[in-house]
Amino acid sequence: MSAPETDATRTSSTENFPVASLLLAPERRAPILAYYRFARAADDVADHPELSPQEKIARLDAFEATLLGREDGVEAAKPLRAALAADARLQARHALDLLRAFRLDATKRRYASFDELMAYCALSAAPVGRFVLNVHGEDEATHPASDALCSALQIINHMQDCALDFRRLDRVYLPLDMLEREGAGVEDLSAPFASPALRAALTRLAGKTDALIAQGETLAPTLRDWRLRAEIGAIAALAQKLNVILKRRDPLSQETHLSKPQALAVAARGALGALTRRPRQGATRAGAPA
């Protein structure tokens, strides 16, 4: 449920998490895919290595104008605009928050602390999960657990791609105070292998991510839609597995992604586990009877 990597500027070898997988009901997938198409295209702009910050922001402003119906210049925004118009329950703010994050990406290259990184994740990751919940009519009480899981997914991507982000975009999401505490610096990301200090900082960040995953694992049992429960169970299992890998491997020199067969096996176990746990009483779909 994190903001997806882009086709044009993807920095990792494979995507970590299912995007509107076939686990979801067909009628739910269309607006979610429209949202992801919007996010991918806007992310391409924010991560473009040759555009200036001003050019990026201008293009992102055009995404917003098209989404809100003030212009028609961005084709990738039109399917989401149509989806929002077709269902009054769907909220544009989840896409507008993403654009705020991408505008930050255009100008902000360092994050001083974990709290500052989490504030970024509140714009770049949490809205994705909230939109998916919105599409399914789930209650807003599910948002804190969803936000935690989505933030964990985002940070996992940041750790996997930390060297590539630095080398290609001079962008570092790893909290600077964590690096400093372990005696590491951003220049360590240019080395072929992670220094012991950088590995220590990454392990510390993975520990923080563990806590987010644990909170996110409480989400699936609260959901009314069984298909979404399975999807979230799969995603949480993948997050947990990848975070373990990041504690054991060097993302500068070793593979930190799962192969497709490995990912399918982990996701299947997570989905099955989510389906065998009964939904918690009191978890109701917004506007629906219990």
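Residues numbered from 1 in each chain as written. Predicted model: local features only at pLDDT ≥ 70, side-chain atom pairs only at ≥ 80, totals over all residues. Heavy atoms only, no water.

K.L.:
Would you mind going over the overall build of the protein with me for this structure?
P.N.:
Per the secondary structure count, the protein includes twelve helices and zero strands. The order of helices and strands in the protein, counted from the N terminus, is α-α-α-α-α-α-α-α-α-α-α-α. Partitioning the contacts of the protein with sequence separation of at least 6, the portion at a separation of at least 24 is 72%. (Helix = DSSP H or I, 4+ residues; strand = E, 2+ residues; numbered from the N terminus. Contact = heavy atoms within 4.5 Å.)

K.L.:
How do you make sense of the packing of aromatic side chains when you look at a structure like this?
P.N.:
What describes a pair of aromatic rings is the distance from one ring centre to the other and the angle between the planes of the rings. By the definition in use, this model includes six aromatic pairs. Relative to tyrosine 36, the ring of tyrosine 35 lies with its centre 6.4 Å away and its plane at 85°, an arrangement referred to as edge-to-face. Each member of the pair, tyrosine 35 together with tyrosine 36, is buried. Residues tyrosine 111 and tyrosine 173 carry aromatic rings whose centres are separated by 5.7 Å and whose planes lie at 25° to one another, so their mutual orientation is stacked. Of this pair, tyrosine 111 sits in the loop between α4 (93–107) and α5 (114–124) while tyrosine 173 sits in the loop between α8 (162–169) and α9 (176–181), and the two are 62 residues apart along the sequence. Accessibility classification places tyrosine 111 together with tyrosine 173 in one group, the buried group. An aromatic cluster is defined as three or more aromatic residues linked by ring pairs; in this entry it consists of Tyr35, Tyr36 and Phe131. Lying across the ring of tyrosine 111, lysine 108 places its NZ or CZ 4.8 Å from the centre. Above the plane of the ring of phenylalanine 114 lies lysine 208, whose end atom (NZ or CZ) is 5.1 Å from the centre. (Phe/Tyr/Trp six-rings, centres within 6.5 Å; stacked < 30°, edge-to-face > 60°. Buried < 20%, exposed > 50% of the residue type's maximum accessible area, 1.4 Å probe, protein only. Lys NZ or Arg CZ within 6 Å of the ring centre and 35° of its normal.)

K.L.:
Looking at this model, I keep getting lost on helix α12 (residues 260–276). Mind explaining?
P.N.:
Because each turn of an α-helix spans 3.6 residues, side chains separated by three or four positions in sequence point in the same direction. Under the 1.5 Å per step criterion, the end-to-end length of α12 is 24 Å for 17 residues, consistent within 8% with the ideal 24 Å. Regarding α12, the residues found buried are Ala263, Val266, Ala267, Gly270, Ala271 and Ala274. Viewed along the axis of α12, the buried residues span an arc of 135°, placing them on a single side of the element. Set apart from the buried face of α12 by more than 90 degrees, the exposed residues are Pro261, Leu264, Arg269, Leu272 and Thr276. The secondary structure elements touched by the buried residues of α12 are α11 (226–248). (Expected span 1.5 Å × (residues − 1). Arc of directions from axis to C-beta.)

K.L.:
Honestly, the environment of glutamate 255 in this entry has me stumped. Any pointers?
P.N.:
Along the chain, the position of glutamate 255 falls in the loop between α11 and α12. Exposure remark for glutamate 255: the relative accessible area of 41% places this residue in the partly exposed category. Placed ten residues apart in sequence, glutamate 255 and isoleucine 245 show a C-alpha to C-alpha distance of 9.0 Å. Of note is the side chain of glutamate 255, whose polar atom sits 2.8 Å from the backbone nitrogen of histidine 257. (Polar contact = N/O pair within 3.5 Å; in protein donor to acceptor, adjacent residues only side chain to side chain.)

K.L.:
Please clarify how unusual backbone geometry should be interpreted in this entry.
P.N.:
Apart from glycine, the bulk of residues carry a negative phi angle, and the bulk of peptide bonds sit in the trans form. Of note, the phi angle at aspartate 170 is positive, near 50°, even though the residue is not glycine. By the element assignment, aspartate 170 lies in the loop between α8 and α9.

K.L.:
How should the packing of α4 against α5 be read in this particular structure?
P.N.:
A packed helix pair is summarised by two numbers, namely the angle formed by the two axes and the spacing between the axes. Between α4 and α5, the least distance of the axes is 7 Å, while the angle of their chain directions is 130°. On the basis of their axis angle, the class for α4 and α5 is oblique. Across the interface between the two elements, Asp97, Leu98, Arg100, Ala101, Leu104 and Asp105 from α4 touch Tyr120, Leu123 and Ser124 from α5. (Axes fitted to C-alpha atoms, helices over the stretch in contact; angles between N-to-C directions. Parallel < 35°, antiparallel > 145°, perpendicular 65-115°, else oblique.)

K.L.:
What is the right way to read the nonpolar core from this model?
P.N.:
A general trend in soluble globular proteins is that nonpolar side chains are found buried together. Counting residues in hydrophobic clusters, the biggest one holds 89 residues, and the most contacted among them are Phe63, Leu80, Met159, Leu174 and Leu198. Counting residues per element, this core draws most heavily on α11, which supplies twelve residues. In contact with leucine 174, not counting residues within four places along its chain, are Tyr111, Met159, Cys162, Leu179, Leu189, Leu198, Leu202 and Leu205. (Core = buried A, V, L, I, M, F, W, Y, C linked by side-chain atoms within 4.5 Å.)

K.L.:
Would you explain the confidence of the model for the protein in this entry?
P.N.:
Low-pLDDT stretches of the model should not have their predicted coordinates read in fine detail. Chain-level pLDDT for the protein is 90 on average; 89% of the residues reach the 70-or-more range. Note on residues 2–14: pLDDT under 50 across the span, and 47 contacts to partners over four residues away in sequence or across chains. Within the model, the stretch residues 281–290 combines pLDDT values under 50 with 16 contacts to residues more than four positions away or in other chains. (pLDDT = per-residue confidence, 0-100.)

K.L.:
What am I meant to see in α5 here?
P.N.:
Within the sequence span of α5, burial applies to Phe114, Leu117, Tyr120, Cys121, Leu123 and Ser124. The inward-facing, buried residues of α5 abut α4, α6 (126–135), α7 (143–160), α9 and α10 (196–216).

K.L.:
Whenever I open this one, the packing of α6 against α7 confuses me. Can you help?
P.N.:
The interhelical angle for the contact between α6 and α7, taken along N-to-C directions, is 135°, at an axis separation of 8 Å. Considering their axes alone, α6 and α7 lie oblique with respect to each other. Two packed elements cross with a definite hand, and for α6 against α7 that hand is right-handed. Contact with α6, carried on its side by Ala126, Gly129, Arg130 and Leu133, involves His143, Ser146, Asp147 and Cys150 of α7 and no other residues of that element. Split by residue class, the contact of α6 with α7 holds three nonpolar, three polar and two charged. (Left-handed = near helix turned anticlockwise from the far one by under 90°. Nonpolar A, V, L, I, M, F, W, Y, C, P; charged D, E, K, R; others polar.)

K.L.:
Help me understand the side chain of aspartate 97 in this model?
P.N.:
By the element assignment, aspartate 97 lies in helix α4. Look at aspartate 97 and you get buried, because its relative accessible area is 18%. With residues up to four places along the chain from it excluded, the contact list for aspartate 97 reads Leu123 and Pro127.

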